[in-house]
Amino acid sequence: MASEMPSQVAGGGEGTTPAPSVAAALPLDALFEILLRLPAREICRLRAVCRSWRALASDRLFIDAHAACHPGPFVASSFVDDGGDESCGVSIIDLSTGDVVKRIHPSVRDFRVQRTRLDLVCLVEGPHPLAVTVLNPATGATCSSAKYISDDYEHFLKLGHVSMDSCAFGKVPSTGEYKAFRFLHVDRHIDIRQQLCEVMTLGSSGLSQWRAKQGPPVPVCLRHKMKSVVINGVVYFLFDFLSPLRKHVGTDIKPGSIVPFNLETEEWMDSLNGPKPVTQFYKKQNVIIVSNYEIGEHLSLTDLNGSLVTVHTVFGCRMDFWFLSDFEKGPWVKKYSICQRYNDFCAYPLLLLGDERIVFIMQMSEMLQSYDPKEDTYIDILELENFRSVGIYTGNLLSLESGFN
């Protein structure tokens, strides 16, 4: 059945019709159906053909119908030009086909794409170790902060090299605001007994100044972006029970616990207990735990279809997926348990598809693979240029209204 099309597509104002030559060459309803089948990359090019085609391809009815015909999912990943050795652009890729639907060359280079699930893409580092740039893939526009650090922490620049330990980017559902949240690391023997963090808001005119915020009540895992995730305006961090800072706070929080930060209130929330079997796993260890990797286990957090998931990988054994059924009451429910292959220890679940296939980032092979739990089979989807530089894109490349301009 033909999709509903706009009865009028303005070429110069409301009520006008397509140019006679175009209308005579191709009926509007036929053009509508043909354009629906083309990828967004081609639609953007065809907008330049004439005013009436641009009006049709920019009409909200067409944009929504095109999104329904091309549901994705889409990932954003950095790429390197031939002969280069640093990232210079962002590819938006349709995982259902493997096609690159758009390539954007932002003004910054040598960056990493943060693992987000938004209609905007967050780029870190690049021109400076503290640089954070936000890209709107639909328009190609970028914005960044005027200063690399908050006024309260600027004095640390004189004490030693300052870098980002971790950076998260999310959207506040109630206000629609986008905010970046990060931790800082100072490379000097300075007695800092609390982790340093900052927050910044993306305004209509771009990013505002970084603002220093109170550190977490207990140490959280940093230096590994797969130990934190943003869901519905809250950043969730794994409690770092191995941190030397733990002795300064005297906490009795259990291993596997999660520490949330609310992007709307910009305050830390009460910690969440992790899955009981995960906590018990640590308690059963009869050795002194020096690092996660030395005891052959791995914990990470991910967002699978809006659910907070703790992924517990026991090397040489299994990978358990614990879903938090209720953010306030719990409990945790184990929905998947996958027998581990030799290279699964370096695998991270990025996405849960509608047919329950799980898309993994395979770090060893720098590949996206889908796993079918019903058939217990893996299929290569996409080769990545940098497995640390990939996120999920939820926007519409034809829209001119998402995020900032």
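Below or above, wherever it landed, is the structure these notes cover. (Residues numbered from 1 in each chain as written. Predicted model: local features only at pLDDT ≥ 70, side-chain atom pairs only at ≥ 80, totals over all residues. Heavy atoms only, no water.)

With respect to the environment of Val-309
Right, so step 1: Within the element layout of this structure, Val-309 appears in strand 19 (residues 307-314).
Right, so step 2: In this structure, Val-309 is in contact with Ser-300, Leu-301, Thr-302, Leu-304, Phe-321, Trp-322, Phe-323 and Trp-332, ignoring residues within four places of it in sequence. (Helix = DSSP H or I, 4+ residues; strand = E, 2+ residues; numbered from the N terminus. Contact = heavy atoms within 4.5 Å.)

Considerations on unusual backbone geometry
For residues other than glycine, phi is negative in most cases, and the peptide bonds are mostly trans.
Right, so step 1: Residues Gly-72 and Pro-73 are joined by a peptide bond in cis, for which omega reads 10 degrees.
Right, so step 2: Within the secondary structure, Pro-73 is located in the loop between helix 5 (60-69) and strand 1 (74-79).
Right, so step 3: Positive phi values are uncommon outside glycine, yet Asn-232 reaches one of about 50 degrees.
Right, so step 4: Among the structural elements, Asn-232 can be located in the loop between strand 14 (228-231) and strand 15 (234-238).
Right, so step 5: Asn-232 gets classed as exposed once you look at its relative accessible area, which sits at 60%.
Right, so step 6: Here the phi dihedral of Asp-376 falls at roughly 55 degrees; this positive angle occurs in a residue that is not glycine. (Buried < 20%, exposed > 50% of the residue type's maximum accessible area, 1.4 Å probe, protein only.)

Details of the pairing of strand 2 (residues 89-94)
Right, so step 1: Where burial is concerned, most of strand 2 is hidden: 6 out of the 6 residues are buried.
Right, so step 2: Neither face of strand 2 is open: one carries Gly-89, Ser-91 and Ile-93, the other Val-90, Ile-92 and Asp-94, and all of them are buried.
Right, so step 3: Hairpin remark: strand 2 followed by strand 3 (residues 99-104), antiparallel, with 4 residues in the connecting loop; positive phi at Gly-98, about 80 degrees. (Pairing = 2+ DSSP bridges.)

So, the sheet that holds strand 6 (residues 121-125)
Right, so step 1: Pairing in this open sheet of 4 strands is antiparallel, and the strands run 4-6-7-8 from one edge to the other. Either end of the sheet is taken by a strand with one partner, and the two such strands are strand 4 (111-113) and strand 8 (142-144). Sheet twist, expressed as the mean angle between neighbouring strand axes with direction ignored, is 30 degrees.
Right, so step 2: In the sheet, strand 7 (residues 132-135) pairs with strand 8 via 3 bridges, with the strands oriented antiparallel. In the strand pairing of strand 8, Thr-133 is matched with Ser-144. (Axes fitted to C-alpha atoms, helices over the stretch in contact; angles between N-to-C directions.)

Considerations on the environment of Glu-42
Right, so step 1: Mapped onto the secondary structure, Glu-42 falls in helix 3 (residues 40-46).
Right, so step 2: Among the residues examined, Glu-42 registers a relative accessible area of 24% and is labelled partly exposed.
Right, so step 3: Residues Glu-42 and Val-101 lie 59 residues apart in sequence; the distance between their C-alpha atoms is 8.3 Å.

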